[in-house]
Amino acid sequence: MFLRFIQTAAVGSVVLITGSAVFPVIKRTIRPTTRKVSHEMKFLLVRSGERMQDMVDEVKFERMKRAMANMDTIECEVYED
C-alpha cells in the first residue's frame, strides 16, 4: 500500500515538473497559431457576410426590374404655355 502511494507520488511529481517545463513552449507555439486562425476566421466571416449581402442586393434588383417591367404606364398629355 505504501509502495503504491510512493509510485503515485513519484509519477505525479514527474508529470507536474514535465508539465511546468513544457507548458511555456507549448504556449509560445500555440499562441501564434491561434492568432492566425482567429484572423482567418474573422476574414472568412466578413467575406461571407459581404457575399450574402451581394446576393440579397442582386435579388432585390431583379425584383425591382421585374416590377418596373410589369408596371403599367399612364398616358398623359403635356401642355406647354
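Residues numbered from 1 in each chain as written. Predicted model: local features only at pLDDT ≥ 70, side-chain atom pairs only at ≥ 80, totals over all residues. Heavy atoms only, no water.

A. View of the overall build of the chain. Tallying secondary structure elements over the chain gives 1 helix and 0 strands in all. On C-alpha atoms alone, the chain measures out to a radius of gyration of 34 Å, which is more than a quarter above the 12 Å that the 2.2 N^0.38 rule sets for 81 residues. Taking all 81 residues of the chain together, 0% fall into the buried category. For the chain, the exposed area adds up to about 8,400 Å²; of that, 66% sits on carbon and sulfur atoms. Here the chain contributes 13 positively and 11 negatively charged side chains, and the mean placements of these two sets differ by 34 Å. (Helix = DSSP H or I, 4+ residues; strand = E, 2+ residues; numbered from the N terminus. Rg over C-alpha atoms; globule rule 2.2 N^0.38 Å. Buried < 20%, exposed > 50% of the residue type's maximum accessible area, 1.4 Å probe, protein only. Areas by Shrake-Rupley, 256 points an atom, 1.4 Å probe, with all protein chains shown as cover. Lys, Arg positive; Asp, Glu negative; His and termini not counted. Charge placed at Lys NZ, Arg CZ, Asp CG, Glu CD.)

B. Representation of the pattern of salt bridges in the model. Taken as a whole and assessed by the stated rule, the structure comprises 2 salt bridges. Glu-50 serves as the salt-bridge partner of Arg-47, at 3.1 Å between the closest nitrogen and oxygen. One end of the pair is Arg-47 and the other is Glu-50, both in helix H1 (residues 2-70) and 3 residues apart, which spans about a single turn. Exposure remark for Glu-50: the relative accessible area of 39% places this residue in the partly exposed category. Note that Glu-62 is salt-bridged to Lys-65, the shortest N-O span being 3.6 Å. (Salt bridge = Lys/Arg side-chain N within 4 Å of Asp/Glu carboxyl O.)

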